[in-house]
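# Summary of structural features
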Amino acid sequence: MTKTVDFIFDFGSPNAYLSYQVLPAIAARHGASVNIVPALLGGIFKATNNRSPMEAFGEVKGKLAYEQLETQRFIARHGLTRFRFNPNFPVNTLLIMRGLVAAQRMGMAEAYLPAVLSGMWEQGLKMDNPEVVARLVAAAGLDAPALLDATQNPEVKQALIASTEAAVARGVFGIPTFFVGEDMFFGKDRLGQVEEALAA
């Protein structure tokens, strides 16, 4: 039976971008599929009383510097040379996350996801600006007016809320989180364990 990796995902996490560049190849090696599950990181933090690493570890000497070192090692190991930290960070991702839900419903996610990730973590765009988002998705060949209109659809809004709540109910406390079956793995540095689970 084909295995699936559920990838609990928000564009606002740089580690979600980095994981997205690596996970599909891992899945392909094992004949598995990747299921992108939209979930609002802010909603997850609120529900679980979690905080961003900068808030949680900002006063811990050396902690954030080491995290940055590990990120640079990951980037180098996987040749992710297009990655650029977004100068507008933190970016409110509500619009583009609703856009992802809409794109999945409209059969556009395959083009929408890499385009928006590029805008966020390669081009350094201000991705909470609807005009910026519209230009980006139009350049990717997508129907920008239809997608932006869909972000205001009550069903799309509720679907994102429900997906976030469901992620929390599964035990998610941050992003990126991965599930292989019922086994949960948190963080890009657990992708090796994800591969082991797929190989088992």
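Residues numbered from 1 in each chain as written. Predicted model: local features only at pLDDT ≥ 70, side-chain atom pairs only at ≥ 80, totals over all residues. Heavy atoms only, no water.

Any two packed helices are characterised by how steeply their axes cross, that is the angle between the axes, and by the distance between the axes. Where helix H1 (residues 14-29) meets helix H6 (residues 109-121), the axes come as close as 11 Å, and the angle between the chain directions of the two elements is 130 degrees. Overall, the two elements H1 and H6 adopt an arrangement that is oblique. At the point where H1 passes H6, the crossing takes the left-handed sense. Of the residues in H6, those in contact with Pro14, Tyr17 and Tyr20 of H1 are Leu113, Pro114, Leu117 and Trp121. Counted by class, the contact of H1 with H6 contains seven nonpolar, no polar and no charged residues. (Axes fitted to C-alpha atoms, helices over the stretch in contact; angles between N-to-C directions. Helix = DSSP H or I, 4+ residues; strand = E, 2+ residues; numbered from the N terminus. Parallel < 35°, antiparallel > 145°, perpendicular 65-115°, else oblique. Left-handed = near helix turned anticlockwise from the far one by under 90°. Contact = heavy atoms within 4.5 Å. Nonpolar A, V, L, I, M, F, W, Y, C, P; charged D, E, K, R; others polar.)

Attention now goes to unusual backbone geometry. Cis geometry is adopted by the peptide bond preceding Pro90, which originates at Phe89 and carries an omega value of 0 degrees. Here Pro90 shows up in the loop between helix H4 (63-78) and helix H5 (94-106). A cis amide bond links Ile175 to the next residue, Pro176, at an omega of 10 degrees. Among the structural elements, Pro176 can be located in the loop between helix H9 (154-169) and strand E3 (177-180). If you check the backbone angles, Asn49 has positive phi at about 60 degrees while not being a glycine. Relative to the assigned elements, Asn49 resides in the loop between helix H2 (41-48) and helix H3 (53-57). We classify Asn49 as exposed; its relative accessible area is 71%. (Buried < 20%, exposed > 50% of the residue type's maximum accessible area, 1.4 Å probe, protein only.)

The subject of this paragraph is the environment of Ala169. Residue position: Ala169 is located in helix H9. Each C-alpha atom of the pair Ala169 and Ala47 lies 9.8 Å from the other, and the pair is 122 residues apart in sequence.

So, about the nonpolar core. Core analysis: the largest hydrophobic core is formed by 62 residues, its most contacted members being Phe9, Phe11, Tyr112 and Met127. Not counting residues within four places of it along the chain, the set of residues in contact with Phe9 comprises Ala16, Ile36, Val37, Pro38, Ala39, Met97, Leu100, Leu113, Leu117 and Ile175. (Core = buried A, V, L, I, M, F, W, Y, C linked by side-chain atoms within 4.5 Å.)

So, about the packing of H5 against H6. Two numbers describe how H5 lies on H6: the axes approach to 8 Å, and their chain directions differ by 160 degrees. It follows from the interaxial angle that H5 and H6 lie roughly antiparallel. Of the residues in H6, those touching H5 at Leu95, Ile96, Gly99, Leu100, Ala103 and Gln104 are Ala109, Tyr112, Leu113 and Val116. Residues belonging to the contact of H5 with H6 are distributed by class as follows: eight nonpolar, two polar and no charged.

Alignment of strand E1 (residues 4-9) against strand E2 (residues 33-38), held across six bridges, turns out to be parallel. Within E2, the residue paired with Thr4 across the bridge is Ser33. In this fold, E1 hands off to H1, which returns the chain to E2; that crossover is right-handed. (Pairing = 2+ DSSP bridges. Right-handed = clockwise from strand over helix to strand, strands pointing away.)

In space, the four strands of this open sheet follow the order E2-E1-E3-E4, with mixed pairing throughout. With one partner strand each, in any of the chains shown, E2 and strand E4 (183-186) form the two edges of the open sheet. The sheet shows a mean angle of 25 degrees between the axes of neighbouring strands, direction not considered. Inspection of the sheet shows E1 paired to E3 by four bridges, in the antiparallel sense. Each bridged residue has a counterpart across the sheet, and for Ile8 the counterpart in E3 is Thr177. Relative to the sheet, H1 contacts E1, E2 and E3, its axis offset from that of E1 by approximately 175 degrees. Lying on the sheet, helix H10 (residues 191-199) is in contact with E1, E3 and E4; it crosses E3 at an angle near 10 degrees.

By the definition in use, this model includes ten aromatic pairs. Plain terms: the ring middles of Phe7 and Phe9 are 5.4 Å apart, the flat faces sit at 90 degrees to each other, and that makes the pair edge-to-face. For the pair Phe173 and Phe186, a centre-to-centre distance of 4.7 Å together with 50 degrees between the ring planes defines the contact as tilted. Residue Phe173 is located in the loop between H9 and E3, and its partner Phe186 is located in strand E4; the two are separated by 13 residues in the primary sequence. Put simply, the rings of Phe7, Phe9, Phe11, Tyr112 and Phe178 touch in pairs and so form one group of aromatic residues. Lying across the ring of Phe179, Arg170 places its NZ or CZ 3.8 Å from the centre. Positioned above the aromatic ring of Phe74, the side-chain terminus of Lys188 is 5.7 Å from the ring centre. (Phe/Tyr/Trp six-rings, centres within 6.5 Å; stacked < 30°, edge-to-face > 60°. Lys NZ or Arg CZ within 6 Å of the ring centre and 35° of its normal.)

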